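# Close look at the chain arrangement
The lines below spell out each chain.
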Amino acid sequence: MFQDNPLLAQLKQQIQENLPKKEGTIKATEKGFGFLEVDSKTSYFIPPPYMKKCMHGDKVKAIIRTEKEREQAEPEELLEQGINRFIGRVKLFKGKLNVTPDHPQLKKLSLKAKTHKGIKSDDLKEGDWVVAHLTQHPLKGDNGFFVEISEKITDADDKIAPWWVTLAQNDLPNSEPAGIDNWQIKDDADLERVDMTHVPFVTIDGESTKDMDDALYAKKTDSGDYELTIAIADPTAYITPDSEMDKVARERGFTIYLPGRNIPMLPRDLADDLCSLIEGQVRPALCCSVTVDKEGVIGDDIKFFAAHIKSHARLAYDHVSDWLENGVSEAWQPSDQIAEIVRDLYDFSRARAEWRETYAVVFPDRPDYRFELSEDNDVVAIHADMRRSANRLVEEAMITANICAGKTLQASFNAGVFNTHAGFKPEKIADVIALVNPDGELPHTVESVATLEGFSALRRWLSHQDTSYLDNRIRKSQAYSEIGNQPLPHYAMGLDLYATWTSPIRKYGDMINHRMLKAHILGKEPVQTADDSVGEELAVHRKHHKIAERNVGDWLYARTLADEPAKETKFSGEIFDINRAGMRIRLIENGAAAFIPGTLILANKERLECNGESGTVSIDKEVVYRLGDVLEVVLTDVNQEHRSLVAKPTQVFDDVKTAEQVETSEK
């Protein structure tokens, strides 16, 4: 009798209109309740009944009520859905089709579903992976949540699910582009290619590499300088800017590298065959020659030209490294000619590395972690590969080539695709100096580190410190690396200019630079330039690719390390992040990331402080851990559903204060 009373409804509306309202984002918890996060410091409790009208990530307007002297939020209006398209798993509830989102805060939701036209619901089984779209929402006035399944990704028990699901999640392709039957050279008619097939170029790659995109040649002169020539595969000889294949390459941006497999940017018949610098095969290439003196200084005689080249030796990183480091390789015995070229390349790379260590910035050596998979897509082993002599040799050649391209593109067009880095965020510079030079005894100042030279000097000083604590502390104060069309410095590398063109098979930006370098060779206007949008496009592609690579890695780590908590296996972990809840570490043995909650460091919250601002963990105000520290840990939980690892230190801290500690703290 009362529920349809218009006077009561009007009174209720008036009360609600007079109550305060806040806008914020929903944060769900596993216990059914949630929070309305208004900003970083303000949040309101949402009781379980109200949470049934919204989901994690929704942006809403909510009524703020006070119940039993506690403010709580009632979501009233949906401003923006937290999810629209999402990945989920099929759940059959009393024979009815449902989908559970594959998201840590949404895994307990079971959303009623239907299939899109062309998908048969009978073909879907419990646990199958699907793409779904949220089509109904309670805060839109709908009767509950409802989703539509638009695609089946793979079966529930498919071992390759980590790859297919992750690619679908990031809306990335899961196969290479289709090739064509008859590729044709489509160079500018005025572009003449120099015959360089007699020059004994060599390629140095991984043993399984098929898309070999760079070949090198070096000769040491009587004066001790190095005449270096870098030859790069030339897919733009086959692909014009107005072609459908170019559109596909731009939409992909990069070759996608995931643990155990890659999805090429270009068709394999082009990337792995026609453009790949295969030993003994004549290939079109874009080349750069330059003299590097014995001190590692790049000369002014930079020359770009088109050529036909032929690799005279297909070499492997490990074989060349064994030969350079030990004087012998059981798997490789070079001819005198190839041995001399490799030796000259190695000497050149050492000169350049020394120059960069003295005047630019060199990143510390860290292992590359590689998953070895069986034919059934099980992880056989996780390898920690350190960069060896041959890897550094190729790296220095590529860096040199990209510096040359940056200078050439700036001089000819004052534009191109440049990799840039702006150093420290302007608003953070004073904090950085206060941290690294509190007494003013060092040459690093607010003014100096704003310059490329001063920033590089500080980075070099940090690299020689006993610990990486300061380096880790100031990392969040640095700007992000960017891709743009303006010739700006790359502070993180300590370089004036850096424009990559050495991987056009794998990077669309390098294809643009190839076309611009060809225009430089011809003295013409480029057939394609780097517009304002290309940097943003490539940055988005790169972001999604990195997320996909990390997500597949997390999945495989959880799968591989599932039994380690029971074994109590000890690992070494390096602290790379600290927040108020605990600290994140990277296991040095295999590269997996794990979280150490504060409660597993010390259960007594009053005595423990995890301070993200200072990058420290303290007990009784005494620092016990800092960013960059390496500690021994064991895994306590591996959650395969969430693909997460939890660890705890093997060092035990006493949870009970001694009488002496109590007396000291009271004083």
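Residues numbered from 1 in each chain as written. Predicted model: local features only at pLDDT ≥ 70, side-chain atom pairs only at ≥ 80, totals over all residues. Heavy atoms only, no water.

## Quick word on the pattern of salt bridges
Condition: One speaks of a salt bridge when a side-chain nitrogen belonging to Lys or Arg is within 4 Å of a carboxyl oxygen belonging to Asp or Glu. Helix and strand definitions here come from DSSP, where helices need a minimum of 4 consecutive H or I residues and strands a minimum of 2 consecutive E residues; each element is numbered from the N-terminal end. Each residue is assigned to one of three classes by its accessible area relative to the maximum for its type, calculated with a 1.4 Å probe on protein chains only: buried under 20%, partly exposed between the two thresholds, exposed over 50%.
Tallying each qualifying case throughout the model produces 41 salt bridges. The closest approach of N and O atoms between Arg506 and Asp213, which form a salt bridge, is 3.4 Å. One end of the pair, Arg506, is in the loop between strand E21 (482–484) and helix H12 (508–522); the other, Asp213, is in the loop between strand E11 (194–205) and strand E12 (214–220), with 293 residues separating them in the sequence. The exposure class assigned to Arg506 is buried, which follows from its relative accessible area of 18%. Between Asp471 and Arg459 there is a salt bridge whose closest N-O contact spans 2.8 Å. Of this pair, Asp471 sits in helix H11 (residues 469–475) while Arg459 sits in helix H10 (residues 452–463), placing them 12 residues apart in sequence. The exposure class of Asp471 is buried, given its relative accessible area of 13%.

## What about unusual backbone geometry?
With phi around 55 degrees, Asn414 is a residue other than glycine that occupies positive phi space. Along the chain, the position of Asn414 falls in the loop between helix H8 (389–413) and strand E20 (418–420). Unlike most non-glycine residues, Asp620 shows phi in positive territory, near 55 degrees. Mapped onto the elements of the fold, Asp620 is located in the loop between strand E26 (616–619) and strand E27 (622–626). The class of Asp620 is partly exposed, set by a relative accessible area of 31%.

## Some remarks on the side chain of Thr500
Definition in use: Any pair of nitrogen or oxygen atoms within 3.5 Å is treated as a polar contact; in protein, a donor-acceptor pairing is required on top of that, and neighbouring residues in sequence qualify only through side-chain atoms on both sides. Any two residues having at least one pair of non-hydrogen atoms within 4.5 Å are treated as being in contact.
For Thr500, the location among the structural elements is in the loop between E21 and H12. For Thr500, a relative accessible area of 9% gives the class buried. Among the polar contacts listed, one links the side chain of Thr500 to the side chain of Asp510, at a separation of 2.6 Å. Here Thr500 is in contact with Asn402, Val417, Asn419, Lys507, Asp510 and Asn513, once residues within four sequence places are set aside.

## Comments concerning the sheet that holds E26
Filter applied, for reference: By the convention used here, strands pair only if DSSP detects at least 2 bridges between them. Angles run from 0 to 180 degrees between N-to-C directions of axes, and those axes are lines fitted to C-alpha atoms, restricted for helices to the stretch in contact.
One open sheet holds the three strands; their spatial order is E25-E26-E27, and the pairing between them is antiparallel. Each edge of the open sheet is held by one strand with a lone partner, namely strand E25 (608–611) and E27. The mean angle between the axes of side-by-side strands here comes to 25 degrees, regardless of whether they run parallel or antiparallel. Direction of pairing for E25 relative to E26: antiparallel, over a ladder of four bridges. Residue pairing across strands places Glu609 opposite Ser618, the latter belonging to E26.

## Points about the nonpolar core
Quick reminder of the rule: To form a nonpolar core, buried Ala, Val, Leu, Ile, Met, Phe, Trp, Tyr and Cys residues must be joined to one another through side-chain atoms within 4.5 Å.
Counting 84 residues, the largest nonpolar core has Ile309, Leu315 and Trp501 as its most contacted members. Per-element accounting of this core gives the leading share, 11 residues, to H8. With sequence-adjacent residues up to four places away left out, Leu315 is seen in contact with Val202, Thr203, Ile204, Asp205, Val320, Trp332, Ile338 and Val342.

## Structural notes on the domain arrangement of the protein chain
Note the following rule: Domain start and end points were adopted from an automatic or database domain assignment.
Partitioning the protein chain into domains gives domain 1 (6–80), domain 2 (88–158), domain 3 (194–354 + 361–422 + 479–552) and domain 4 (562–649). Of note, the centres of domain 1 and domain 3, computed from C-alpha atoms alone, are 54 Å apart.

## Structural notes on the packing of aromatic side chains
Here is the rule we go by: Here a pair means two rings of Phe, Tyr or Trp (six-membered ring of Trp) with centres within 6.5 Å. Their orientation is stacked below 30 degrees between planes, edge-to-face above 60, and tilted elsewhere. In this scheme, the term charge over a ring applies when either NZ of a lysine or CZ of an arginine sits within 6 Å of the ring centre and within 35 degrees of the ring normal.
Taken as a whole and judged by the stated rule, the model has 12 aromatic pairs. An aromatic cluster of at least three residues, connected via ring pairs, comprises Phe33, Phe35 and Phe45. Directly above the ring of Trp163 sits Arg261, whose terminal nitrogen or CZ lies 4.6 Å from the centroid. The ring centre of Trp555 lies 3.9 Å from the NZ or CZ of Arg643, which sits over that ring.

## Concerning the environment of Gly573
When you line up the elements, Gly573 lands in strand E22 (residues 570–579). When the C-alpha positions of Gly573 and Cys610 are compared, they lie 17 Å apart, and in sequence the two are 37 residues distant. Those residues in contact with Gly573 that sit more than four places away from it in its chain are Ile585, Arg586, Leu587, Asp629, Val630 and Leu631.

## Focus: the sheet that holds strand E10 (residues 146–154)
Within the closed barrel, the five strands sit side by side as E6-E7-E8-E10-E9. Their pairing is mixed. Looking at each pair of strands side by side, their axes are set apart by 55 degrees on average, direction ignored.

## Overview of the packing of H8 against H12
The criterion, for reference: An angle below 35 degrees is read as roughly parallel, one above 145 as roughly antiparallel, one from 65 to 115 as roughly perpendicular, and any other as oblique. Left-handed describes a crossing whose near helix is turned anticlockwise from the far helix through less than a right angle; right-handed describes the clockwise counterpart. In this count, Pro and Cys sit with the nonpolar residues alongside Ala, Val, Leu, Ile, Met, Phe, Trp and Tyr, while Asp, Glu, Lys and Arg are called charged and the others, Gly among them, polar.
At a minimum axis distance of 10 Å, the contact between H8 and H12 shows a crossing angle of 60 degrees. As judged from the angle between their axes, H8 and H12 are oblique. Between H8 and H12 the crossing geometry is left-handed. Residues Ala405, Thr408, Leu409, Ser412 and Phe413 of H8 pack against Asn513, Met516, Leu517, Ala519 and His520 of H12. Of the residues belonging to the contact of H8 with H12, the class tally is six nonpolar, four polar and no charged.

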